[in-house]
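Geometric and topological summary
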Amino acid sequence: MARKIVIAGGGPAGMCAAIYAARNGADVTLIEKNSSLGKKLSMTGNGRCNLSNLEMNEKMYNLSAEKRMKEWLSVYGVLDVINFFKSLGIVVKSEDGYLYPISGQASTVVTAFENELKRLGVRVVFGEQVKSVIVNGNEDSYTVVTNLNSYDGDRVILATGALSGAKSTMSTGDGYYICKQLGMNIKETHPALVGFRVDENEIMPEAGVRCTAEVSFTLGGEVLCSEYGEVQFTKDGISGIPVMQASSKVIKFVDEKKPIYACVNFFPDYDDEDYKSLEDEMLRLRDERTLKEFLNGLCNSNINDMIIRRMKMGSSMKMKNISESMVRSIFDSYRGLKIRIADSFGYQAAQVTSGGVSLGDIKDDMTVNGHSGVFVIGELADVDGRCGGYNLQWAFTSGSIAGTVASL
Ligand SMILES: Cc1cc2nc3c(=O)[nH]c(=O)nc-3n(C[C@H](O)[C@H](O)[C@H](O)COP(=O)(O)OP(=O)(O)OC[C@H]3O[C@@H](n4cnc5c(N)ncnc54)[C@H](O)[C@@H]3O)c2cc1C
């Protein structure tokens, strides 16, 4: 007889699990509390859906998940994702290793999932919120209780996501409560792949600006991590890919209100000697020109203005009136601009959640300790990856494994 599987959550992990289970002949019910499937998925990759990455390995994930990710990726890796999408009729293209649907539209990915679920006869229930899972007998079956109904199944897959994403995605961390009731441990959560609000006393650019730079995060003078790329500065914060990449290594300390600084180097390609030569050459230009004119060719004008204000100087000051040591201090600012971090922009601005259901409670086949027919997948688990398609890869890896195993 076909396995009866109930899946809570119609995001990429839940939909992927449903497809693998149904392709194996299971009778699948997918419960989604929103009025449509894959709401967050449709927002991924700036609406283009960066669904995986050719540079795929366990190092792209949180340290505590690395060992397990190595195993899981060997079961279902990037080529499996490409083939899976092929089977959905989605052609995948690479942009420097970053994988996207060739359509350039995340919505086409959501539609492909919907079509396949329909084709396979998966029952999709909208607008019901899963509240709890009741274990019947000696794990013989399970009852999934929603705010309106209850659904019986031989297997239950929990794919309710976590806390990250805009309000409209309704990511409220319901799964943590359900998993706790089933005896699982939840590792403390934090927003990840997120930008930071800076201390209110920090002088920032008047207008938003993007600038290529290296950004290092420090605590007590020790560098926690460094990333290179396009950093985004606003009146009240810093973000952009390098900041987001670093965020998961820093967020815990930020949330604990530890003194974290972002140190920005606008000249990462210059070693000390090269930079000193540049400085010496520029110093020859200390003449009638103003400070603003002097700095004009050095960096983005909004960054130059910010540095002038930070140095408490006037942009119309004549260079000939500014001492050499002062000019050297200005130069130092471009290689070590220190910005005190106050807070993160929170779960609503975060792409993922770090923490979640402890991997100590999740077995290799995605079932959980103590419950042979309950599976935990996707962002609900304590796995978070870097920007670049790694989080969707995890949703598909965990979803495919759970869907396949649950159907056996
Ligand atoms: C703006 C943004 C851009 C992103 N871009 C990328 C990207 O390009 N590449 C990448 O790899 N990752 C990206 N991510 C991360 C990626 O979207 C997530 O890792 C992924 O969606 C997690 O999948 P999931 O299925 O586990 O959870 P979700 O996508 O959150 O899906 C969970 C589903 O469960 C439903 N649900 C929740 N609680 C209940 C309940 N009690 N009952 C019933 N249903 C419930 C939710 O409504 C939701 O539909 C991005 C995230 C954001 C916010």
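Everything numeric here is computed off the predicted structure, so don't read it as measured data.

The rules behind these values
- Residues numbered from 1 in each chain as written.
- Predicted model: local features only at pLDDT ≥ 70, side-chain atom pairs only at ≥ 80, totals over all residues.
- Heavy atoms only, no water.
- Domains from an automatic or database assignment.
- Buried area = accessible area lost by both parts, 1.4 Å probe.
- Salt bridge = Lys/Arg side-chain N within 4 Å of Asp/Glu carboxyl O.
- Polar contact = N/O pair within 3.5 Å; in protein donor to acceptor, adjacent residues only side chain to side chain.
- Nonpolar A, V, L, I, M, F, W, Y, C, P; charged D, E, K, R; others polar.
- Pairing = 2+ DSSP bridges.
- Helix = DSSP H or I, 4+ residues; strand = E, 2+ residues; numbered from the N terminus.
- Axes fitted to C-alpha atoms, helices over the stretch in contact; angles between N-to-C directions.
- Contact = heavy atoms within 4.5 Å.
- Parallel < 35°, antiparallel > 145°, perpendicular 65-115°, else oblique.
- Left-handed = near helix turned anticlockwise from the far one by under 90°.
- Buried < 20%, exposed > 50% of the residue type's maximum accessible area, 1.4 Å probe, protein only.
- Expected span 1.5 Å × (residues − 1).
- Arc of directions from axis to C-beta.
- Phe/Tyr/Trp six-rings, centres within 6.5 Å; stacked < 30°, edge-to-face > 60°.

Description of the domain arrangement of the protein
The assigned domain composition of the protein is domain 1 (4-191 + 350-407) and domain 2 (196-344). Between the C-alpha centres of domain 1 and domain 2 the distance comes to 40 Å. The three residues of domain 1 that bury the most area against domain 2 are H190, R386 and C387, which together make up 63% of that side's buried surface. On the surface where domain 1 and domain 2 come into contact, there are 1 salt bridge. For R386, the salt bridge is made with E227, and the minimal N-O distance between the two is 2.9 Å. Counting across the interface, domain 1 meets domain 2 through 3 residue pairs in polar contact (both at pLDDT 80 or more). When grouped by side-chain class, the residues that make up the side of domain 1 that touches domain 2 number 2 nonpolar, 3 polar and 2 charged.

Observations concerning the sheet that holds strand β14 (residues 222-233)
Judged by pairing direction, the barrel is antiparallel, and its 6 strands sit side by side in the order β12-β15-β14-β13-β16-β17 before closing back on the first. Mean inter-strand twist for the sheet, computed between neighbouring axes without regard to direction, equals 45 degrees. Across 6 bridges, strand β13 (residues 209-219) lies against strand β16 (residues 260-265) in antiparallel orientation. Across the sheet, the residue bridging to E214 is N265, located in β16. Seen against the sheet, helix α7 (residues 241-255) touches β12 (196-198), β13, β14, β15 (237-239), β16 and β17 (337-344) and runs at an angle of roughly 135 degrees to β14. Where helix α11 (residues 324-335) meets the sheet, it contacts β16 and β17, and its direction lies at approximately 110 degrees from that of β16.

A few points about the packing of helix α1 (residues 12-23) against helix α5 (residues 106-119)
Look at α1 against α5: their axes get within 10 Å of each other, and the N-to-C directions meet at 30 degrees. With respect to α5, the axis of α1 lies roughly parallel. Relative to α5, the crossing made by α1 is left-handed. For the pair α1 and α5, the contacting residues are M15, C16, A18, I19 and R23 in the first and F113, E116 and L117 in the second.

Thoughts on the pattern of salt bridges
In total, this model carries 25 salt bridges according to the counting rule given. Across the pair R119 and E116 runs a salt bridge, and its minimum N-O distance is 2.8 Å. With R119 and E116 both in helix α5 and 3 residues apart, the pair spans about one turn of that helix. For D343, the salt bridge is made with K257, and the minimal N-O distance between the two is 3.8 Å. Here K257 lies in the loop between α7 and β16 and D343 lies in strand β17, a separation of 86 residues in the sequence. Here K257 falls in the exposed class, since its relative accessible area comes to 53%. Shared partners join several salt bridges into a network, and the residues in it are K276, E279, D280, E324 and R328.

A closer look at helix α8 (residues 272-283)
Over its 12 residues, α8 extends 16 Å from the first C-alpha to the last, a length consistent with the 16 Å expected when each residue adds 1.5 Å. By the burial criterion, the buried members of α8 are Y275, L278, E279, M282 and L283. The arc that holds the buried residues of α8, viewed along the axis, is 135 degrees, so those residues lie on one side.

Here's the deal with the packing of aromatic side chains
Each aromatic ring pair is characterised by the separation of its centres together with the angle its planes make. Tallying each qualifying case throughout the model produces 19 aromatic pairs. Residues F85 and F113 carry aromatic rings whose centres are separated by 6.1 Å and whose planes lie at 85 degrees to one another, so their mutual orientation is edge-to-face. Here the residue F85 occupies a position in helix α4 (residues 78-87), and F113 occupies one in helix α5, the gap between them amounting to 28 residues. Take F85: its relative accessible area is 0%, and that puts it in the buried class. Ring centres of F294 and F331 lie 6.3 Å apart, and the angle between their planes is 90 degrees; on these two criteria the pair is classed as edge-to-face. Remark: F331 occurs in helix α11 and F294 occurs in helix α9 (residues 291-295); sequence separation between them is 37 residues. Across this residue pair, the class does not change: F294 and F331 are buried. Linked through ring pairs, F233, F266, F267, Y270, Y275, F294, F331 and Y334 together constitute an aromatic cluster.

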